[in-house]
Amino acid sequence: GTHFETITVHTEADKVGIVTLNRPKQLNALNDQLMDELGQALQAFDADPAIGCIVLTGSEKAFAAGADIAAMAKYSFADVYKGDYITRNWESIRGIRKPVIAAVSGFALGGGCELAMMCDFIIAADNARFGQPEIKLGVIPGAGGTQRLPRAVGKSKAMDMALTGRMMDAAEAERAGLVSRVVPFDKLMDEALGAALIISDFSRIAVMAAKESVNRAFESGLSDGVMFERRLFHSLFATADQKEGMDAFLTKRKAVFQHQ
Ligand code: CAA
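First, a word on what this report is: a plain description of the structure on this page. Residue indices follow the written sequence of each chain, beginning from 1 at its first position. Reporting in this predicted model follows two pLDDT cut-offs: at least 70 for local features of residues, and 80 or more for side-chain atom pairs to be given and counted; totals over whole chains, interfaces and linings ignore these cut-offs and use all residues. Values reported for side chains reflect all heavy atoms of the structure, with hydrogen atoms and water molecules removed beforehand.

**Overview of the overall build of the protein**
Okay, so step 1: A helix here means a DSSP run of H or I that spans at least four residues, while a strand means a run of E at least two residues long, and both kinds are numbered starting from the N terminus. The number of helices and strands found in the protein is eleven helices and ten strands.
Okay, so step 2: Between the two quantities, the radius of gyration covers C-alpha atoms and the globule rule is 2.2 Å times the number of residues to the power 0.38. Relative to the globule expectation of 18 Å for 260 residues, the C-alpha radius of gyration of the protein, 19 Å, shows essentially globular dimensions.
Okay, so step 3: Out of the 260 residues belonging to the protein, those deemed buried represent 43%.
Okay, so step 4: Considering only intrachain contacts with a sequence separation of at least 6, the fraction spanning at least 24 residues in the protein is 67%.
Okay, so step 5: Method for areas: the Shrake-Rupley scheme with a 1.4 Å probe, in which residue coverage is limited to the protein chains shown. Here the protein displays about 13,600 Å² of accessible surface, and carbon together with sulfur accounts for 57% of that area.
Okay, so step 6: Charge assignment: positive for Lys and Arg, negative for Asp and Glu; neither His nor the chain ends contribute. A charge is said to be at NZ when it belongs to Lys, at CZ for Arg, at CG for Asp and at CD for Glu. Of the side chains in the protein, 29 bear a positive and 32 a negative charge, and the two mean positions are spaced by 4 Å. The rule is simple: take the accessible area with a 1.4 Å probe, protein chains only, and divide by the maximum for that residue type; under 20% is buried, over 50% is exposed, in between is partly exposed. Note on contacts: a residue pair qualifies if any of its non-hydrogen atoms lie within 4.5 Å across the two residues.

Right, here's the structure in full:
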């Protein structure tokens, strides 16, 4: 396979792709190389017909402590604008059509929090800390933090985080709806892989449609969103997986989806 320097890539049970951020000395600070490698790894799993779900994780101490401050400290406006530096390749993650679960332990700060929020849902270890501390550096979040955080936790808490730069612990993040589950650190990968294995056995078509439809909720008004969902729902009756899923229920057996 491809050789990466800033991430490692594995699979679980030949059907879950695992990407681990791996710049431990910099607490997984996100530089252009890492974001390029992450994009390549996610696209490779997305294109691999054996893979049904992807888990993105970091280390115990840090999911990611943000964009790489050392790499960007000296940039001018002209540099970052012309080169689209720091954030140029981040939105490519949104193009991944299979589910991506963020398994977050330790710091998820700045771009690290934004990266976690670009994933489809976040499972957190009890030691996870989330924050948008860019204000302390004289800037603001630049990879979607001011947009995705209010959608996840509401305006008041998002403003609090963006304006004070304070961190949220895992319990607050769960109360606020930023993360879907919190587990002890030593259960984090079991929990994330458990969810990923469940997802990867479902109809790939239905899973991709569910992701597409939930994401649509953030891009459209209610009537348009409901209509989008209804069209996708109806279209799934053209799949063999719908026949299999419903027949398996009615005949009291486990469905075996062919992703057709
Ligand atoms: N970029 C570059 N290096 C970083 C980094 C970052 N975002 N975060 C941590 N590091 C480095 C530190 O410089 C340090 O390196 P040295 O050992 O060479 O000194 C190493 O990682 C370990 O960090 P600390 O010694 O600071 O560890 P700590 O446990 O005392 O503190 C921390 C941990 C609270 C996460 C602290 O490192 C910190 O505040 N980091 C910066 C967080 C931040 O401001 N992130 C936002 C970045 S801006 C951004 O992300 C823009 C955007 O929206 C896209």
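We are not done yet, so read on.
**Examining the environment of Gly-131**
Okay, so step 1: Along the polypeptide, Gly-131 turns up in strand β8 (residues 129–131).
Okay, so step 2: Setting aside its immediate chain neighbours within four residues, Gly-131 contacts Ala-108, Leu-109, Gly-110, Cys-113, Met-161, Arg-166 and Met-167.

**Here's the deal with the sheet that holds strand β4 (residues 62–64)**
Okay, so step 1: Read across the open sheet, the four strands follow the order β4-β6-β8-β9; overall the sheet is mixed. Looking along the sheet, the strands with just one partner apiece sit at the ends: β4 and β9 (167–169). Going across the sheet, the axis of each strand differs from the next one's by a mean of 20 degrees, ignoring polarity.
Okay, so step 2: When DSSP finds two or more bridges between a pair of strands, those strands are recorded as paired. Across three bridges, strand β6 (residues 107–109) lies against β8 in parallel orientation. Within β8, the residue paired with Leu-109 across the bridge is Gly-131.
Okay, so step 3: Only the stretch in contact is used when fitting a helix axis, every axis being a line fitted to C-alpha atoms; angles between N-to-C directions are given from 0 to 180 degrees. Against the sheet, helix α4 (residues 111–118) engages β4, β6 and β8, with an angle of about 95 degrees to β6.

**Overview of the packing of helix α5 (residues 145–153) against helix α6 (residues 155–164)**
When two helices pack together, their arrangement is given by the angle between their axes and by how far apart the axes lie.
Okay, so step 1: Where α5 contacts α6, the two axes come as close as 7 Å, and the packing angle between them is 140 degrees. The angle between α5 and α6 falls in the class oblique. Here the hand of the crossing between α5 and α6 comes out right-handed. Mapping the contact onto sequence places Leu-149, Pro-150 and Val-153 in α5 and Lys-155, Lys-157, Ala-158 and Met-161 in α6. Roughly parallel means an angle under 35 degrees; roughly antiparallel, over 145; roughly perpendicular, 65 to 115; everything else is oblique. Handedness of a crossing follows from how the near helix is turned relative to the far one, being left-handed for an anticlockwise turn of less than a right angle and right-handed for a clockwise one.

**Points about the site of the ligand**
Okay, so step 1: Nearness is defined per residue: one heavy atom within 4 Å of the molecule or strand is enough. Lining the immediate environment of the ligand, one finds 21 residues, of which Lys-61, Ala-67, Gly-111, Glu-114 and Glu-134 sit closest.
Okay, so step 2: By the criterion applied in these results, polar contacts are pairs of N or O atoms within 3.5 Å in which, for protein atoms, one can donate a hydrogen and the other can accept it, and in which residues neighboring in sequence qualify only through two side-chain atoms. The side chain of Lys-61 places a nitrogen or oxygen atom 2.7 Å from an oxygen atom of the ligand.
Okay, so step 3: The separation between an oxygen atom of the ligand and a polar main-chain atom of Gly-142 is 2.9 Å.
Okay, so step 4: Starting from 980 Å² of accessible surface for the ligand in isolation, the protein chains cover 61%.
Okay, so step 5: Secondary structure elements with two or more residues in the shell around the ligand: α2 (69–72), β6 and α4.
Okay, so step 6: Per-class residue counts for the shell around the ligand are eleven nonpolar, five polar and five charged. Gly is put with the polar residues, along with every residue not named as nonpolar or charged; the nonpolar set is Ala, Val, Leu, Ile, Met, Phe, Trp, Tyr, Cys and Pro, and the charged set is Asp, Glu, Lys and Arg.

**Examining unusual backbone geometry**
Excluding glycine, a negative phi dihedral is what most residues carry, and trans is how most peptide bonds are arranged.
Okay, so step 1: A positive phi is found at Ile-86, a non-glycine position, where the angle reads about 75 degrees.
Okay, so step 2: Structurally, Ile-86 can be placed in the loop between α3 (77–83) and β5 (100–104).
Okay, so step 3: Its identity is not glycine, yet His-259 carries a phi of approximately 60 degrees, on the positive side.
Okay, so step 4: Mapped onto the elements of the fold, His-259 is located in the segment after α11 (240–250).
Okay, so step 5: According to the relative accessible area criterion, His-259 is partly exposed, its value standing at 26%.

Structural measurements only, silent on function.
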